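Chain residues, written in single-letter form:
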Amino acid sequence: MPETIESLLAEGRTFPPPKDFKADALVVDAEIYDEADTDTEGFWAQAAAALDWFEEWHTVCEWDLPFAKWFVGGKLNASYNCLDRHVAAGHGDQVAYHWEGEPGDTRTITYSQLLDEVSRLANALKALGVEKGDRVNIYLGMVPELPMALLACARIGAPHSVVFGGFSADSLRDRINDAQAKVLITGDGAWRRGAVVPLKDTADVAVAECPSIEKVLVLRRTEQDVPWTDGRDVWWHDLVPEQSTECPPEPMDAEDLLYLLYTSGTTAKPKGIMHTTGGYLTQVSWTHSHVFDLHSDNDVYWCAADVGWVTGHSYIVYGPLANRTTSVLYEGTPDFPDKDRLWQIVEKYKVTILYTAPTAIRTFMKWGPEWPEKRDLSSLRLLGSVGEPINPEAWVWYWQHIGGGRCPVVDTWWQTETGAIMITPLPGATTLKPGSATFPLPGIGADVVDDAGNSVGIPGGGYLVLTRPWPSMLRGIWGDPERYKETYWSRFDGKYFAGDGAKRDADGYFWLLGRVDDVMLVSGHNISTAEVESALVSHPAVAEAAVVGKTDATTGQAIAAFVILRSGNEPSDALVDELRDHVGDTIGPIAKPKSILFTEDLPKTRSGKIMRRLLKDVSEDHALGDTTTLADPSVVEGIKSRYLAQATEQD
Ligand code: 6R9
């Protein structure tokens, strides 16, 4: 008898590691937490020793709060660790990437092919004048040349700065200018939902205002005509194939800059987050193998994110390749040509580990279980989630309809700034609770504190902080050390403030509540957007919800909700009342949304995070703030006109 959703979600229902899973798991008991606590530096030193170093480090960690150095004195190369050492060990024929183009074309790339291509590209970059320390910007779709570009930069010691292929010319320009990049790697276009995203046209608009750019290397993918600047623009196919496959990896200091990645959070001016080489690669590879219980010879791993997001840097490129993983790389969207595209890919490549975002899971819920049911997903053995709090309903849906009730779900909390996963289960050892990221990983110190920075203990809620340095931590904000101190280290003395709210339950499990900027204040009560959204999504008609606090004369803030229905449900006034009551019953009358707008879509970043500040602008009828990082800027305009129409109707 399949279990009912109610029984799966029942209070106190937990999911211990399945016996079959545990039998083969890399970590099966919790001793590792104590060991890492007793000797944290020793723990990370052991993790670092799994990499190949050209020179051994002399000091594990130098901590001059808030500036850390890890594996001081050590020398290594990230591309060497991701490629050469596997080929040298006889694994050159193992597939590194099964690439699936959106139109249906495919490529299979082995480790030795990847090494050759990366070396050629690295030599091409040198031919374009790139030297160690120079920044290279990358603006491409999800083609194999994208991971190649990251690795080629790493090979020659040129820090990369990847900008999402969906970002606007202004976003690209600002990021290039902040990094003062010398070369831009882009393409003619990218495929997205059957249409061409004209990368080169956008890049040209940006580069016109980027004096630091000397050369633009252009990959041909979509084959339409593109604007061209002689002397500056170079076709990839003219330059790269003729290069030698010999390109010795540059020995990099453990603390040399590996990359910049710009994060805007959901609010302010983008910050160039700095990640260096040794500590980053250590934590990314350790977490990738242990959190995903990776068996390099057997698993087929798929992180269905974009390389332009930190998740792609750490868990499509550096972690998986350092661990000699066979991965799937997919170019397009989950609904092209149909809503079972991801499941078709899982079936085709017999994917064993799938890592995706709650926003995607809630979209699959909206489309209905008939899509995954059409495909054989029996190869899957582990599921992961990242990017936002995963509400218990979405967790259970994922577990049931994608994982077939067999696969542990690892909810992974981390940030661009943390570089690697921080709070998450170890799937062979941790008993899961749907919706909880469970515990900080071995070696990681995390706590929940009150306004004064004191631990709230368990159970309790407050601000999430990190209490000790970790190897993959950001080393700063490019060009702005003061902003680094101010943003992350000034709120609570000696602790890193992540910007997120969290609760710990009586068993000490961590429950992430989203950004504290998003917390609402209704009649003097703090209510987190995540809790109200989770209550809305626990109603069977609702697939996804976003709520914001809108200024209100009586209550200070009133809750405005934006709701996407599951297929088969129609908007109605009766449903509005029902949902308001449902939230009232779940959390309390204070949390009842004052208004509910049904919508087909929500404004989201390309990594799937809801841009609540834009919904706040909508609800308060302000001019919309910066929309340049939205996946689809038209969505918010549509919501705005419908919201205003509804408000007028109600008046
Ligand atoms: C990896 C990534 C970081 C912010 C973070 C938090 C939210 C990420 C989460 C999660 C709850 C999780 N977040 N994972 N919230 N549970 N498992 O997403 O990096 O784009 O920098 O975003 O995302 O609010 O602070 P980034």
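Cut-offs used in this document
Residues numbered from 1 in each chain as written. Predicted model: local features only at pLDDT ≥ 70, side-chain atom pairs only at ≥ 80, totals over all residues. Heavy atoms only, no water. Axes fitted to C-alpha atoms, helices over the stretch in contact; angles between N-to-C directions. Helix = DSSP H or I, 4+ residues; strand = E, 2+ residues; numbered from the N terminus. Left-handed = near helix turned anticlockwise from the far one by under 90°. Contact = heavy atoms within 4.5 Å. Nonpolar A, V, L, I, M, F, W, Y, C, P; charged D, E, K, R; others polar. Phe/Tyr/Trp six-rings, centres within 6.5 Å; stacked < 30°, edge-to-face > 60°. Lys NZ or Arg CZ within 6 Å of the ring centre and 35° of its normal. Domains from an automatic or database assignment. Buried area = accessible area lost by both parts, 1.4 Å probe. Salt bridge = Lys/Arg side-chain N within 4 Å of Asp/Glu carboxyl O. Polar contact = N/O pair within 3.5 Å; in protein donor to acceptor, adjacent residues only side chain to side chain. Buried < 20%, exposed > 50% of the residue type's maximum accessible area, 1.4 Å probe, protein only.

Draft legend 1. Up close: the packing of helix α6 (residues 111–127) against helix α7 (residues 145–156). Two elements in contact, α6 and α7, have axes whose closest approach is 8 Å; the angle formed by their N-to-C orientations is 65°. Along this stretch, α6 crosses α7, giving a crossing that reads as right-handed. On α7, the residues that touch Leu-114, Leu-115, Glu-117, Val-118, Ser-119, Leu-121, Ala-122, Leu-125 and Lys-126 of α6 are Met-148, Ala-149, Leu-151, Ala-152, Cys-153, Arg-155 and Ile-156. Within the contact of α6 with α7, the residues separate by chemical class into twelve nonpolar, one polar and three charged.

Draft legend 2. Layout of the packing of aromatic side chains. Applying the stated criterion to the full structure yields 35 aromatic pairs. Members of the aromatic cluster, each reached through a chain of ring pairs, are Trp-63, Phe-67, Trp-470, Tyr-484, Tyr-488, Trp-489 and Tyr-496. The ring of Tyr-463 carries Arg-491 above its face, with NZ or CZ at 4.6 Å from the centroid.

Draft legend 3. Looking closely at the domain arrangement of the chain. By the assigned domains, the chain splits into domain 1 (1–38 + 339–444), domain 2 (42–289 + 326–333), domain 3 (445–522) and domain 4 (525–650). Look at where the C-alpha atoms of domain 3 and domain 4 centre, and you get two points 26 Å apart. The partner domain 4 presents 17 residues to the seven residues of domain 3 that form the contact. Approximately 1,100 Å² of surface area, both sides summed, lies buried where domain 3 meets domain 4, with 56% of it carried by carbon and sulfur atoms. The partner of Lys-503 in a salt bridge is Glu-531, and the shortest N-O contact between them spans 3.1 Å. At the surface where domain 3 touches domain 4, the tally comes to five residue pairs in polar contact (both at pLDDT 80 or more).

Draft legend 4. Up close: the pattern of salt bridges. Following the criterion strictly, the structure yields 42 salt bridges and no others. Among the salt bridges present, the one from Glu-100 reaches Lys-348, with a minimum N-O distance of 3.1 Å. Taken together, the residues Glu-100 in strand β4 (residues 95–100) and Lys-348 in helix α13 (residues 341–349) connect sequence positions 248 residues apart. Judged by relative accessible area, Lys-348 falls into the partly exposed class, the value being 43%.

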